[in-house]
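Below are the chains, spelled out letter by letter.
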Amino acid sequence: MNEPLKAEVFVLNYKGTDLLRECLPSIVEAVEKSLTPCALTVIDNDSRDGSVEMLKKEFPSIRIRLSKNRVLCSFNDAARESAADIVILLNNDLKVESDFIDPLIDAFRNHRDAFLAAPQAWTFDGKQYEGSLSKMDFKNGILRAETRFQGYEAKVGAPGFTMQAGFGAYHRKIFLALGGFDDLYLPGTVEDADICFRAWKTGRACYYVPQSRVYHKGQATFKKHFGRRRLAAINHRNNHLFIWKNITDERIWASYFLWILVRPIYFLFQARPEFLWGTLWALGRLGAALKRRDQLRGEEHRRSDREIFKISESL
């Protein structure tokens, strides 16, 4: 990728008038201070709560893109229409440091294999590290992405690889070549792990950039809309879909089948029916997951599943 690079920040909004008022000024300031030519667009997912009217009145210089509510998948069409080299995808519950953009862009200048550059994320009050240095593993039949893994405290200040992140800067052309976020997982969760796993598999890499810092309220809209139990069921459902779509390693499949027989008993004893709910829900999308799996057969895979998990273990 030749310099100079161009970037565009997309902020996804759904019924977030108050969140936008609280968070958007920091993003506007960062765009204005960035040394990288950078546009700013708010994607409104059919909010109907006054968000668009507020934006027009209080942030008249910001471009607004109206979209159907396809959650993170709304980023796909926006990225397709963008003229930027790098798209920075944010939620409406993020505020940022004024210098958060340029370190992310530098990751693409410094690493030819970069697919994602992910910032260091803190809780909204700035008191606790939240993530973006992420490990990914397959344990007890479940794919897990962890940001507060054992020993993370000593590593969060150092740049390097990360396995996935829910927001950050993406190489636009690679993002589109991978198909963007997959609507198989709607209304959401796991789609960010999915696209990053596929990027790793095709020989790309995801980078953690702690010099860039953001502050996150954390699934503010999701928790409010779905509630804890339904959100847990969605996570379980999408975990199954991820495996059915992406995993090709026979030993991982054997472990998965073993645990899928044992795990329901465990969750029943724990009085947590979300696993069963999610499993039955996933079966309704089995055909779609297998169709996606068949489509991926044409991709050139430069890393195996186990090679990706070994990279994760080294973090």
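Residues numbered from 1 in each chain as written. Predicted model: local features only at pLDDT ≥ 70, side-chain atom pairs only at ≥ 80, totals over all residues. Heavy atoms only, no water.

1. Notes on the packing of aromatic side chains
Applying the stated criterion to the full structure yields 15 aromatic pairs. Plain terms: the ring middles of F149 and Y152 are 6.5 Å apart, the flat faces sit at 75° to each other, and that makes the pair edge-to-face. The residues F149 and Y152 share a single accessibility class, namely buried. Residues W277 and W281 carry aromatic rings whose centres are separated by 6.0 Å and whose planes lie at 15° to one another, so their mutual orientation is stacked. Placement of both W277 and W281 in helix α10 (residues 274-283) is noted, with a separation of four residues, approximately one turn of the helix. Residue classification places W277 among the partly exposed positions, given a relative accessible area of 39%. Grouped by ring-pair contacts, the aromatic residues F75, F115, Y170, F175 and F181 constitute a single cluster. (Phe/Tyr/Trp six-rings, centres within 6.5 Å; stacked < 30°, edge-to-face > 60°. Buried < 20%, exposed > 50% of the residue type's maximum accessible area, 1.4 Å probe, protein only. Helix = DSSP H or I, 4+ residues; strand = E, 2+ residues; numbered from the N terminus.)

2. What to know about the pairing of strand β4 (residues 86-91)
Taken across its six residues, β4 has six buried, putting it largely inside the fold. Side chains I86, I88 and L90 project from β4 onto one buried face, and the interleaved V87, L89 and N91 project onto a second face that is buried too. Summarising the sheet, β4 and strand β11 (residues 168-171) pair through four bridges and their orientation is antiparallel. Following the sheet pairing, L89 is matched in β11 by G168. (Pairing = 2+ DSSP bridges.)

3. Describing the nonpolar core
Where a protein is soluble and globular, its nonpolar side chains tend to be buried together. Core analysis: the biggest nonpolar cluster contains 86 residues, and V9, L24, L90 and F115 have the highest contact counts within it. Every residue in contact with V9, bar those within four places of it in the chain, is listed here: I27, V31, C38, A39, L40, T41, I88, L90 and I101. The next biggest cluster of nonpolar side chains, apart from the first, holds 10 residues, and it includes F124, Y129, V156 and Y215. (Core = buried A, V, L, I, M, F, W, Y, C linked by side-chain atoms within 4.5 Å. Contact = heavy atoms within 4.5 Å.)

4. A closer look at the side chain of D192
Structurally, the position occupied by D192 is in helix α6 (residues 191-201). Despite its burial, D192 remains without a salt bridge, the nearest opposite charge being carried by K245 at 11 Å. In this structure D192 touches Q164, A165, G166 and F181, once residues within four positions along its chain are discounted. (Lys, Arg positive; Asp, Glu negative; His and termini not counted. Salt bridge = Lys/Arg side-chain N within 4 Å of Asp/Glu carboxyl O.)

5. Focus on the state of the cysteines
What the rule picks out here adds up to zero disulfides. C38 supplies the cysteine sulfur nearest to C23, a cysteine that is in no disulfide, at a spacing of 17 Å. C23 gets classed as buried once you look at its relative accessible area, which sits at 1%. The cysteine C73 is free of any disulfide, with C196 supplying the nearest cysteine sulfur at 14 Å. Looking at C73, the relative accessible area reads 3%, which means it is buried. (Disulfide = S-S within 2.5 Å.)

6. Concerning unusual backbone geometry
A cis amide bond, omega 10°, links L186 with the succeeding residue P187. Residue position: P187 is located in the loop between α5 (172-177) and α6. In this model, K15 sits at a positive phi of 50°, which is unusual for a non-glycine residue. Position of K15 among the secondary structure elements: in the loop between β1 (7-13) and α1 (17-33). Phi at V71 is positive, roughly 50°, even though this residue is not glycine. You can see V71 is positioned in the loop between β3 (63-66) and α3 (74-81).

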